[in-house]
Amino acid sequence: YVRHGQTDPPSIPVSKLFTKFPRGEIQEHGARKTPSEETRARDGMQEDLWNKMRHAAEVHREVRSYAQSFIKPGILLTDMCERIEETNRKLVEERGLQAGIGFPTGCSVNHIAAHWTPNPGDTKVLEYGDVMSIDFGTQIDGRIIDCAWTVSFDPKFDPLLEAVREATETGIKEAGIDVRLCDIGAAIQETMESYEIELDGQTIPVKAVRNLNGHSMGPYQIHGGKSVPIVKGGDATKMEEGEIYAIETFGTTGRGHVVEDLECSHYMKVFQAPHVPLRMPRAKKLLSHINRTFGTLAFCRRWLERDDGGSTCINGATGAKQEKYLGALKNLCDVGIVQPYPPLCDVKGSYVAQYEHTIILRPTCKEVVSRGDDF
Ligand SMILES: O=S(=O)(c1cccs1)N(Cc1ccc(F)cc1)Cc1ncn[nH]1
Ligand SMILES: [Mn+2]
Ligand SMILES: [Mn+2]
Ligand SMILES: [Mn+2]
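Criteria and thresholds
- Per chain, residue numbering runs from 1 following the sequence as it is written.
- All chains are assigned letters beginning at A, and all ligands numbers beginning at 1, according to the order in which they are written.
- Only residues with pLDDT of 70 or above have their local features reported here, since the model is predicted, and side-chain atom pairs are shown and tallied only from 80 upward, although totals for entire chains, interfaces and linings are computed over all residues.
- Hydrogens and water molecules were not included; the side-chain quantities draw on all heavy atoms of the structure.
- Donor selection uses N, O and S atoms within 2.8 Å of the metal (3.2 Å for Na, K and Ca). Since no water is included, sites may look incomplete.
- We count a stretch as a helix when DSSP gives it H or I for four or more residues in a row; a strand needs E for two or more, and each element gets its number in order from the N terminus.
- The classification of residues rests on relative accessible area computed with a 1.4 Å probe and restricted to protein chains. Under 20% of the type maximum is buried, over 50% is exposed, and intermediate values are partly exposed.
- In a helix, the anticipated span is given by 1.5 Å times the number of residues less one.
- Nearness is defined per residue: one heavy atom within 4 Å of the molecule or strand is enough.
- N or O atoms closer than or at 3.5 Å make up a polar contact, with two conditions inside protein: a donor-capable atom paired with an acceptor-capable one, and, for residues adjacent in sequence, both atoms drawn from side chains.
- All accessible areas in this document rest on Shrake-Rupley with a 1.4 Å probe, and a residue is counted as covered only by the protein chains that are shown.
- The classification used treats Ala, Val, Leu, Ile, Met, Phe, Trp, Tyr, Cys and Pro as nonpolar, Asp, Glu, Lys and Arg as charged, and all other residues, Gly among them, as polar.
- Pairing of aromatic rings covers Phe, Tyr and Trp, the last counted by its six-membered ring, and requires centre-to-centre distances within 6.5 Å; plane angles under 30 degrees mean stacked, over 60 mean edge-to-face, and any other angle means tilted.
- Over a ring means this: the NZ of a Lys or the CZ of an Arg is within 6 Å of the ring centre and within 35 degrees of the ring normal.
- For our purposes a nonpolar core is just a set of buried Ala, Val, Leu, Ile, Met, Phe, Trp, Tyr and Cys residues, chained together by side-chain atoms within 4.5 Å.
- Contacts are assigned to residue pairs that have any heavy atoms within 4.5 Å of one another.
- At least two DSSP bridges between two strands are required for those strands to pair.
- Axis definition: a line fit to C-alpha positions, over the contact stretch in the case of helices; interaxial angles, taken between N-to-C directions, run 0 to 180 degrees.

**Here's the deal with the coordination of the manganese ion (ligand 2)**
At 2.6 Å from the manganese ion (ligand 2) lie its protein donor atoms, namely Ile112 (O) and Val352 (O). Of this pair, Ile112 sits in strand S4 (residues 112–114) while Val352 sits in strand S18 (residues 352–361), placing them 240 residues apart in sequence. For the pair Ile112 and Val352, one class covers both residues: buried.

Written out as structure tokens, the structure is:
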């Protein structure tokens, strides 16, 4: 991957490598004719927004290109996540809420589909026979690039990964202004379920995970309110001009739907959180740390224990280590200020793969802003 003067391992902030950031893949909107003068003018008025997203997308490409070079069997998942996160922070030039990581580094293995990242003390190691989806985000001014791919080492899984990669491509192609969300879901399912995989001498049809979705996104809001189904029978709501979507699909050899299971690692403030009086002093302290450090962006337990030594230095006390935060975090969840996002799991022994891109429904075209030469 040509990285425009970037070092290996990456160390140079992307803003130092580009003045104008490379565009993503441009696709036409369905059967729309050449854009009018007025449409082009509307598009031009949002150039700053497109540029911010292209900047974050270039960071994402360079971080994931580096990650793909070191993700191997035997790696400790905690070390892998920390290397991805530190590189992300460096290349985006992390500055508080203005720029940084978009959400926790998901590294969901085998029957786990999403929202799994190691909690402090976890010793899980990646194995040769694993199927792991890596899902991480980069954000600038709250504009999130949400993009994911799947890693496996045993070629027997290739049909599963190809099914999901093609299903996500179908979702991207079908998306467009005035397109109904349910039509996209039906097309995704058709592509996904046209594949089968041989495992242990059995031929297994690839199923789309019926209760996982893509989603619209807003500033500092990873779930913007519209969900993109990946099976038929969904919502007839239409996509609209100017919206930003994460198009993601999940293919499984399991039962075809996920449930919440295992220890939670992912959390996020409710976007319109209620103002409830907090009695626990530690809950008050934790909430002010969350407001200052993450706002309405998602976070994970590991990040509450990070001694970031930087922005939170007050009168010599460095870092914002949140000792004994678990009780306070539970309290914030119980009163409805913070939402937990537990791992989403199919049945044990099954394998779930994911591919995801962020697309922009610009007035003049559809831009697959997170497109790289990897996927
Ligand atoms: O499953 S979601 O909650 C969702 C909500 C509505 C439609 S899809 N989710 C958003 C999210 C929630 C919490 C996080 F910590 C990170 C992301 C999708 C997603 N997860 C990873 N990449 N994309
Ligand atoms: Mn998985
Ligand atoms: Mn994602
Ligand atoms: Mn997503």
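Don't stop here, the text continues.
**A look at the coordination of the manganese ion (ligand 3)**
The reference angle at a metal is 109.5 degrees if four donors form a tetrahedron and 90 or 180 degrees if six donors form an octahedron. The manganese ion (ligand 3) binds to the protein through Asp135 (OD), Asp135 (OD), Asp146 (OD) and Glu356 (OE), with metal-donor distances spanning 2.0 to 2.2 Å. Positions of the donor residues of the manganese ion (ligand 3) along the chain correspond to the pattern D-x10-D-x209-E. Here the manganese ion (ligand 4) and the manganese ion (ligand 3) are spaced 3.3 Å from one another, each receiving a donor from Asp146. Of this pair, Asp135 sits in strand S5 (residues 131–140) while Asp146 sits in strand S6 (residues 143–152), placing them eleven residues apart in sequence. Each member of the pair Asp135 and Asp146 is classed as buried.

**Structural notes on helix H2 (residues 47–70)**
A rise of 1.5 Å per residue sets the reference length of H2, with its 24 residues, at 34 Å; its end C-alpha atoms lie 35 Å apart and thus fit the reference within 8%. The element H2 is largely enclosed, with a buried count of 18 among its 24 residues.

**Details of the site of ligand 1**
Taken together, 14 residues lie near ligand 1, and His115, Asp135, Asp146, His223 and Ala298 sit nearest. Note that a nitrogen atom of ligand 1 is positioned 2.9 Å from one of the side-chain N or O atoms of Asp135. Contact distances for ligand 1 include 3.0 Å between a nitrogen atom and a side-chain N or O atom of Asp146. Taking 490 Å² as the accessible area of ligand 1 by itself, protein coverage stands at 89%. Among the elements that take part in the shell around ligand 1, strand S10 (residues 213–217) stands out by supplying three residues, more than any other. A per-class count over the shell around ligand 1 returns three nonpolar, seven polar and four charged.

**Digging into the packing of aromatic side chains**
Throughout the structure, instances matching the rule amount to nine aromatic pairs. Measuring from centroid to centroid gives 4.6 Å for Phe157 and Tyr351, while their planes differ by 55 degrees, and the two rings are tilted. Of this pair, Phe157 sits in the loop between S6 and helix H4 (158–174) while Tyr351 sits in the loop between strand S17 (344–345) and S18; the two residues are 194 residues apart in sequence, bridging distant segments of the chain. Residue class for Phe157 comes out buried when judged on its relative accessible area of 0%. Ring plane angle 25 degrees and centroid distance 6.2 Å describe the contact between Phe294 and Trp303, whose orientation is recorded as stacked. In this structure an aromatic cluster arises from ring pairing among Phe136, Trp149, Tyr355 and Phe375. Seen from the ring of Phe70, Arg83 lies directly overhead, with NZ or CZ sitting 3.8 Å from the centre. The residue whose ring lies beneath Arg89 is Trp303, and the NZ or CZ to ring-centre distance is 5.6 Å.

**Overview of the nonpolar core**
Residues Ile71, Met80, Met132, Ile134, Trp149 and Met239 are the most contacted members of the largest nonpolar core, which totals 89 residues. Broken down by element, this core gets its largest block of residues, ten residues, from H2. Those residues in contact with Trp149, other than ones at most four positions away along the chain, are Arg64, Ala67, Gln68, Ile71, Met132, Ser133, Ile134, Phe136, Gln354, Tyr355 and Phe375. Formed by 20 residues, the second largest nonpolar core is a distinct cluster that contains Ile101, Ala283, Phe299 and Trp303.

**A short note on the sheet that holds strand S14 (residues 266–269)**
Read from one edge of the open sheet, three strands run S15-S14-S16, paired in antiparallel fashion. The outermost strands of the open sheet, each flanked by one partner alone, are strand S15 (299–300) and strand S16 (338–341). Of the pairings in the sheet, the one linking S14 to S16 comprises four bridges and is antiparallel in character. In the strand pairing of S16, His266 is matched with Tyr341. Along the sheet, helix H8 (residues 326–334) contacts S14, S15 and S16; its crossing angle with S16, the most-contacted strand, is approximately 105 degrees.

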